[in-house]
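Here's the letter readout for the chains.
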Amino acid sequence: MGIKGLAKLISDEAPDAIREVELKSLHGRKIAIDASMAIYQFLIAVRSNNGGQGQSFMLTNAEGETTSHIQGMFNRTIRYMTEGIKPVFVFDGKPPEVKSGELLKRREKREKAQLALQVATEEGNVEEQDKHSKRLVRAGQKENDDCQKLLRLMGVPVVLAPCEAEAQAAALAKAGLVYAAGTEDMDALTFQTPVLVRKMTFASASKSMVQTMNYAKALEGMNLTQAQFVDLCIMLGCDYCDTIKGVGPKTALKLIREHGCIENILKHLDGKKYVVPESWLPPPKEAEESSSDQENSVSDDLQPIPAYVLARRMFNEHEVLMHADLKWKPCEREALTKFLVDEMGFNPDRVASSIDKLEAAYKANKAPQTRMDAFFAVQPKKPTDASVKRKIEPVVKGKGAKGPAAKKKR
Amino acid sequence: MFEARLANGNIFKMIVESIRELVVDVNIDCSTEELSIQCMDSAHVALVSMSLSQSAFDHFRCDRSLSLGLNLPNVSKIFKMMGRDDTMVLKAEDSADKLMLMFENDKSGTIADFELKLMAIEAEQLGVPDTAYKCSISMPSSEFQRIVRDLQVMGDTCKISCTKEGLKFSATGQIGTGNILMRQNVASEKEEDHVTIDMEEPVELNFALRYLNFFTKATPLSPTVILKMSPGLPIVIEYPIEQLGHVKYYLAPKMEEDEEE
């Protein structure tokens with residue numbers, strides 16, 4: 001899932017790119033949220049455990065169907081809208097072919113968890129049981145359909161991605177249709193979302209912070225071009241191919257900085273120290289051709305294409321919708337109540353009060369509070385009086401943010 | 001070296017009180033000419049800009065401009081210990097990580113001094129252009145405070161419209177609608193009771209009353225308040241501090257969707 005170690009690498013190399021902000025500070029923004037990721041998280045987190053005793057179970061309705069995700073999605077969306085955020089939920093389409101390896105791994109993990117769960121159940125170890133049953137969670141088609149139905153009834157726009165949801169969310173943000181992509185998946189940065197918002201799903205009480213990552217600042221801080229950043233992500237480990245054994249985040253960044261792209265790295269790599277996966281080693285001619293001219297290599301399917309080139313293609317030319325109908329509509333109160341109370345078995349009173357909140361939030365969003373930065377431009381971090389700044393710099397060195405802050409307004 | 005001595009320390013206390021409900025951490029910027037603050041609330045809806053000229057101080061020395069990062073709740077706690085008539089002295093070294101505060105009372109001869117740890121605060125600064133506004137209204141600050149407080153009963157959004165008739169504040173909520181109209185009024189002998197309306201063209205904007213209410217915390221600083229509005233721009237609410245400075249609040253309006261883009 002995501003890019004291995006990228007979050008840490010960015011926080012080490014480009015700390016400016018990451019900011020912890022209050023959820024509130026995102027008000028007025030449209031955010032494309034990776035629904036599949038959110039559903040998965042709800043299935044794990046929204047559970048009941050019979051007053052703290054025994055194993056925790058997912059919430060279910062009278063028919064025994066899981067409703068954790070509905071509960072989570074419903075409350076979370078209302079909370080976003082109350083904060084003045086306009087959510088768009090993006091659902092996964094079909095998984096890309098190159099991901100099959102990754103998916104296979106995940107299936108194996110799940111089978112392992114299944115076995116471990118059986119062992120734990122026999123032993124009566126509640127903690128282990130909990131752990132493994134959470135690992136077994138799977139967001140299937142039904143869960144996705146349920147949530148889409150719920151969101152449509154709530155009047156929240158739903159976008160069905162042709163392929164991966166995070167790529168679609170990033171594309172919407174890149175096109176300026178939304179402000180940011182909201183997912184935990186660091187992939188979204190590789191797909192060039194200008195802003196990535198993380199930790200959104202569980203930003204509950206107004207105190208808790210969400211994390212924003214700025215793509216441009218991350219590139220600037222790491223001193224990489226877009227293409228180099230994609231190559232870096234592939235080296236770190238993405239969903240689409242294997243990595244070179246023995247190359248960690250630090251080394252990967254060093255190699256990319258030194259050689260510029262994976263092709264050059266492979267030429268210079270010490271074959272004894274590092275093991276390049278077989279799928280990365282096609283006939284060398286092909287590698288060069290595909291790097292210089294990707295169009296050509298597409299038509300030339302007879303020869304195998306190195307896995308990293310395929311992965312790169314996934315990141316750069318992902319199948320996405322460029323237009324999406326992002327309209328927030330009033331919720332359909334009756335149909336929504338029917339769905340939640342009759343089908344999902346929710347408490348009618350709670351549903352009614354939640355829908356009240358939803359309607360109030362929708363109304364408030366009709367004439368939303370604008371943001372200060374919509375009127376006045378953010379000033380670059382330098383004082384108006386440059387000479388003063390120069391004098392100051394040696395004095396305040398080692399005091400980080402104090403230096404740039406020494407400036408006056410206007 | 002930064003050193004400033006303010007005979008009426010209470011002014012500074014009131015400035016802190018006027019900001020602290022809006023923002024938690026602020027940078028106080030010291031330059032050779034003034035003390036100033038620019039900061040936004042966490043939702044980036046309102047902006048505060050404070051300036052206190054060096055001439056407001058009995059003694060003012062600032063060799064190099066510097067920025068003092070302060071946590072306002074803590075500053076406020078310290079100012080609670082200041083007497084009404086105390087003289088306030090602020091001191092900081094150029095590369096200091098703390099601010100010295102002294103409260104001196106001449107009558108009783110007591111001197112209290114405090115050391116406050118400074119913080120590195122990362123905050124975005126906005127460039128606020130000096131624009132000419134279409135409407136400018138001056139009125140008693142206590143009157144503005146009352147209107148804002150009263151209208152909160154009716155709703156959470158206040159429509160402020162400036163027309164030929166005068167300045168109208170309206171709020172609509174579940175219980176109904178309330179309007180308060182102010183006309184030009186220069187009859188009173190005391191100038192600070194005057195209401196003057198200077199209008200080039202009519203303006204009508206919507207604002208969150210909650211924020212307007214935060215701004216009225218500056219009422220003790222000034223007998224008059226100046227409201228400036230232009231269509232589609234944030235309102236400016238200015239509390240002049242004698243001739244020596246000001247606290248200005250900017251508040252982004254609530255606007256219909258398509259205008260926001």
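Please read these numbers as outputs of a predicted model, since none were measured by experiment.

**Here we look at the sheet that holds strand β14 (residues 177–182) of chain B**
Across a sheet, paired strands are connected by hydrogen bonds in the backbone, their directions being either parallel or antiparallel.
All names here are of chain B.
In step 1: Spatial strand order, β14-β13-β12-β16: four strands in an open sheet with antiparallel pairing. Sheet topology places β14 and β16 (203–208) at the edges, where each strand pairs with a single neighbour. Strand after strand, the sheet turns through a mean of 20 degrees between neighbouring axes, direction not considered.
In step 2: Of the strand pairs in this sheet, strand β12 (residues 157–162) and strand β13 (residues 167–172) are connected by five bridges, and their pairing is antiparallel.

**A closer look at the pattern of salt bridges**
In step 1: Across all of its chains, the model carries 24 salt bridges over all chains by this definition.
In step 2: Put simply, A:K199 and A:E20 hold a salt bridge, and the shortest N to O gap is 3.7 Å. In this pair, A:K199 is assigned in the loop between β8 (195–198) and β9 (209–214) and A:E20 in strand β1 (residues 18–22), connecting sequence segments 179 residues apart.
In step 3: Note that B:K134 and B:E201 form a salt bridge whose closest N and O atoms lie 4.0 Å from each other. Placement of the pair is B:K134 in the loop between β10 (126–127) and β11 (135–140) and B:E201 in the loop between β15 (196–199) and β16, with a sequence separation of 67 residues.
In step 4: Residue classification places B:E201 among the partly exposed positions, given a relative accessible area of 32%.
In step 5: A network of salt bridges, in which partner residues are shared, links A:K8, A:D12 and A:K250.

**Description of the UniProt feature "domain: Proliferating cell nuclear antigen PCNA N-terminal" (unreviewed entry) in chain B**
In step 1: UniProt annotation of "domain: Proliferating cell nuclear antigen PCNA N-terminal" (unreviewed entry) refers to residues 1–124 of chain B when read in the numbering used here.
In step 2: Span residues 1–124 of chain B is 15% helix and 47% strand, its end C-alpha atoms 26 Å apart.

**Observations concerning the interface of chain A and chain B**
In step 1: Chain A puts 35 residues into the contact, and the matching count from chain B is 52 residues.
In step 2: Overall, the association of chain A and chain B removes approximately 3900 Å² of surface from exposure, summing both partners, and the carbon and sulfur fraction of that is 55%.
In step 3: Scanning the region where chain A abuts chain B turns up zero salt bridges.
In step 4: Across the chain A-chain B interface, the total number found is seven residue pairs in polar contact (both at pLDDT 80 or more).
In step 5: Elements represented by at least two residues in the side of chain A that touches chain B include exactly β1, β10 (377–378), α18 (386–396) and α19 (402–405) of chain A.
In step 6: Top contributing element to the side of chain A that touches chain B by residue count: α18(A), with four residues.
In step 7: Here β10(A) runs beside β10(B); their pairing, made up of two bridges, is antiparallel. From the neighbouring strand, A:V378 faces β10(B), where its bridge partner is B:L126.

Analysis parameters
- Residues numbered from 1 in each chain as written.
- Chains lettered and ligands numbered in written order.
- Predicted model: local features only at pLDDT ≥ 70, side-chain atom pairs only at ≥ 80, totals over all residues.
- Heavy atoms only, no water.
- Pairing = 2+ DSSP bridges.
- Helix = DSSP H or I, 4+ residues; strand = E, 2+ residues; numbered from the N terminus.
- Axes fitted to C-alpha atoms, helices over the stretch in contact; angles between N-to-C directions.
- Salt bridge = Lys/Arg side-chain N within 4 Å of Asp/Glu carboxyl O.
- Buried < 20%, exposed > 50% of the residue type's maximum accessible area, 1.4 Å probe, protein only.
- UniProt positions renumbered as here; feature names shortened; annotations may be inferred.
- Contact = heavy atoms within 4.5 Å.
- Buried area = accessible area lost by both parts, 1.4 Å probe.
- Polar contact = N/O pair within 3.5 Å; in protein donor to acceptor, adjacent residues only side chain to side chain.

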